[in-house]
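# Coordinates in review
One-letter residues, chain by chain:
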Amino acid sequence: MKFGHFDDAHREYVIDTPRTPLPWINYLGSEDFFSLVSNTGGGYSFYRDARLRRITRYRYNNSPLDMDGHRIYINDGGTIWNPGWQPTKTELDSYSCRHGLGYTILTGEKNGIRAQQELFVPRGDACEIDRLTLENKTDAPRTLDVFSYVEFCLWDAMDDSSNFQRNFSTGEVEVVGSAIYHKTEYRERRDHYAVFWANTPVTSFDTSRDAFCGVYGGPAEPEAVKAGHCSNSVAHGWAPVGAHHFHLTLEAGETKTILFGLGYIENPVAEKFTAPGVINKARAEAMIARYATDAQVDEARKALAAHWDDLLSALQLDSGDEKLDRMVNLWHQYQCMVTFNMSRSASYYESGIGRGMGFRDSCQDLLGFVHMIPERARSRILDIAATQFEDGSAYHQYQPLTKKGNRDVGTGFNDDPLWLIAGTAAYLRETGDYSILDESVAFDNDESKAQPLMEHLRRSFNFTRTHLGPHGLPLIGRADWNDCLNLNCFSEHPGESFQITGPSEGPVAESVFIAGMFVKYGEEYADLCGHRGLPDEAADARAAIAQVEQAALTAGWDGAWFRRAYDAFGKPVGSKECDEGQIFIEPQGMCVMAGIGKETGQAEQALKSVEERLDTKYGVVLLQPAYTTYRLNLGEISSYPPGYKENAGIFCHNNPWISCAETVLGHGDRAFEVYKKTCPAYIEDISDIHRTEPYVYSQMVAGKDAPTFGEAKNSWLTGTAAWTFFNVSQYILGVQPTLDGLKIDPCIPHTLPGFTVTRRYRGAVYHIRVENPAAVQKGVKRVTVNGKTIEGNVLPLAPAGETVEVTVVMG
Ligand code: BGC
Ligand code: NOJ
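Under an unreviewed UniProt entry, the name given to the chain is Glycosyl transferase, and the source organism is Faecalibacterium hattorii.

So, in structure tokens, the structure goes:
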């Protein structure tokens, strides 16, 4: 069952009922100001950091769900409704929600009045614009009371949701005409405030939640809206809100617009104002003036659309498969932008206060983002690297505003260091900008310890190299990619998960997955050494890699698949010797991607085992058999009921690893089949089972052991975004940036007769036509560049600004 449809011409997903199985959201903004907005107008806004600069309040896990948002109410002679249905849930005569690239349009109609709320965050400004268009579709004049409503957050969202004894007394606002200033904290900090304005004179306003909603009213039945007017309340403490009221008449057939804005203003740190609490409104007034007319707002919308056109033009596909095209051309890349911006901080499942930027997460996000805006990828790499320690290990997370490592979560995830190599190498393959390796970057944010980025990568590599266990496999530490496989946690904190701080590196527990990573990203590191004129270092690295590869093929091999790990007692995890958890997905994907066992047949065997033992109709589950009881020696993974999350859920993130691995062995049919099983556009028809948004990935789909098999959770912020785009663009379509130029090496279903890709790469544009006359899955017979046949399949680098015609014949 579907709840909407893709509108590819407008690059939108159109939702035609507000009663989606869960709120289906969009992200507005991709620089500093961000808003989350659901298909019924729920959501919230923040500036840069969802924890430290939260602008509006949002109650997660609320019942009913999704009550807080960017609200418009209409009181039409006592009938009260919202254009997006929530929070009054008054039945609408018609409803639609269009989620587009950085904007959302909600349209509701009731008794001949059509209300359209168009929300977006303009480029280059720290505000959200909401354009309300009201149309009287009847042939008689209509008089309406129209209200806006947002509830302010007192900035630090963590403190806001816990420190009530203080916060009920700190709230302050100021109203000037139609501008409502939220200035809590200004007294002490004097560096930021928010403003919620309208471009039209108000009839009345409210800034106190109790006045607007009523203490026992709430947003579903606000007193002021029921009364038909606000009470010009000024909040002193308690809960400051912003609400505008307009009493207006629409003539028959008349259309009126009101423009609202929610802005964040930050004064330069150095600027001090004379009186505490007196804000300088000049910056806000200038912002308000930038969006005072429809024409200005139209311009801002156009600039946003042009920006997205430009971003997406970096890679466009025409394959004849409309689902594949829409995912590759639009939604994969869009989700990659969002994960790049948010890491794992703010979604409808990530509260914005728990997790900031993840070291491993953000490094992987780069794989799907770097082609869009390489300059932003560059500065992100430098930010991430600055949270690394001198021994090569790293803080697992950091706060986006301060860029400081997050001590609460700690360190000890032994895969982290290698992801820095993965992200940096992807940047270099895309840009060829080796200057990044010379950038001086702090360790642990301490500038006095700064070293060139290349030295950071060296320490990443050496960290794994010097942390090997008894089988010659890398020590796992607190956990590797699988946060919940906590093989050392029991020794210090029985029964607790990795979230406990303190060292947890054991001398014995080892990870076959990190072995795969070491081979894959170690090779990428060795390649960089080669390109930097360090052949001895490259050779030395390769020698260390060969040893770990050997260990993976022997101690890491279980007979028909790669083992997952060795626990703190030296017992295998992910082995036929185990009663449960006999086979895991991660080492099969990563080791085969790294080419381990390709020559010996082990790679082939490992993927066969995945297909036999882990595959389901909705994707590949993480492990089998699921753990049915809690295991002290394994930790959090066994805390989940069977079929959920890391305990045999379909963890979408590592499904692309299997797909990539299949292409390494030339299995285009199977690679594409694995891709399709979790790919949103291909499973849109089961939206009632899947439940989350059908245009983006979720982190997890319940596995076959779960009672809710096929149900997804935790949409948007997942490494699946980057890995899927990386998989489909580079491994399946085979358009691969390398250090030496663009390599074309497709691995596709044999039924695909060909496709074309337009790829912007290092300033030139490549029109690549791939033909598959012999219906093969892999193999390139001939490549011509501007009509001339070339040797091999790496395209010679064209000068920036040039357009290159490429034909690739498979066979
Ligand atoms: C989840 C993981 C997640 C981790 C991060 C765990 O509870 O199962 O998927 O990565 O928390 O904090
Ligand atoms: C989600 C985390 O964000 C990611 O870093 C981790 O690898 C997976 N969960 C698997 O545990």
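Before going further, it helps to spend a moment on the nonpolar core. Trp419, Tyr675 and Tyr766 are the most contacted members of the largest nonpolar core, which has 238 residues in total. In terms of residue count, helix α14 (residues 512-531) provides more of this core than any other element does, 12 residues in total. Contact partners of Trp419, with chain neighbours within four places excluded, come to Arg360, Cys363, Gln364, Trp481, Phe513, Met517, Tyr521, Met590, Trp657 and Trp723.

This brings us to the site of ligand 2. As a structural note, the neighbourhood of ligand 2 is formed by Arg344, Arg355, Arg360, Asp361, Trp481, Asn482, Asp483, Glu646, Phe651 and Gln699. Here an oxygen atom of ligand 2 sits 2.8 Å away from a polar atom, N or O, in the side chain of Arg360. For ligand 2, whose accessible area on its own is 290 Å², the fraction buried by protein is 96%. Judged by the fraction of its atoms near the pocket grid, ligand 2 is located in the second largest pocket. Counted by class, the shell around ligand 2 contains 2 nonpolar, 2 polar and 6 charged residues.

The next thing to look at is the pattern of salt bridges. Inspection of every chain in the model, using the stated rule, returns 67 salt bridges. Salt-bridge contacts for Arg631 lead to Glu580; the nearest nitrogen and oxygen are separated by 2.5 Å. Linking Arg631 in the loop between β31 (623-624) and β32 (650-651) with Glu580 in the loop between β27 (572-573) and β28 (583-584), this pair joins segments that are 51 residues apart in sequence. The two residues Arg631 and Glu580 agree in class, both being buried. Linking Glu771 and Arg769 is a salt bridge whose minimum nitrogen-to-oxygen distance equals 2.5 Å. What makes Arg769 partly exposed here is its relative accessible area of 41%.

Basis of the calculations
Residues numbered from 1 in each chain as written. Chains lettered and ligands numbered in written order. Predicted model: local features only at pLDDT ≥ 70, side-chain atom pairs only at ≥ 80, totals over all residues. Heavy atoms only, no water. Core = buried A, V, L, I, M, F, W, Y, C linked by side-chain atoms within 4.5 Å. Buried < 20%, exposed > 50% of the residue type's maximum accessible area, 1.4 Å probe, protein only. Helix = DSSP H or I, 4+ residues; strand = E, 2+ residues; numbered from the N terminus. Contact = heavy atoms within 4.5 Å. Near = heavy atom within 4 Å. Polar contact = N/O pair within 3.5 Å; in protein donor to acceptor, adjacent residues only side chain to side chain. Areas by Shrake-Rupley, 256 points an atom, 1.4 Å probe, with all protein chains shown as cover. 1 Å grid on protein atoms, 1.4 Å probe; cavity = no way out; pocket = protein on both sides within 12 Å on 5 of 7 lines; lining within 4 Å. Sits in = over half its atoms within 2 Å of the grid points. Nonpolar A, V, L, I, M, F, W, Y, C, P; charged D, E, K, R; others polar. Salt bridge = Lys/Arg side-chain N within 4 Å of Asp/Glu carboxyl O.

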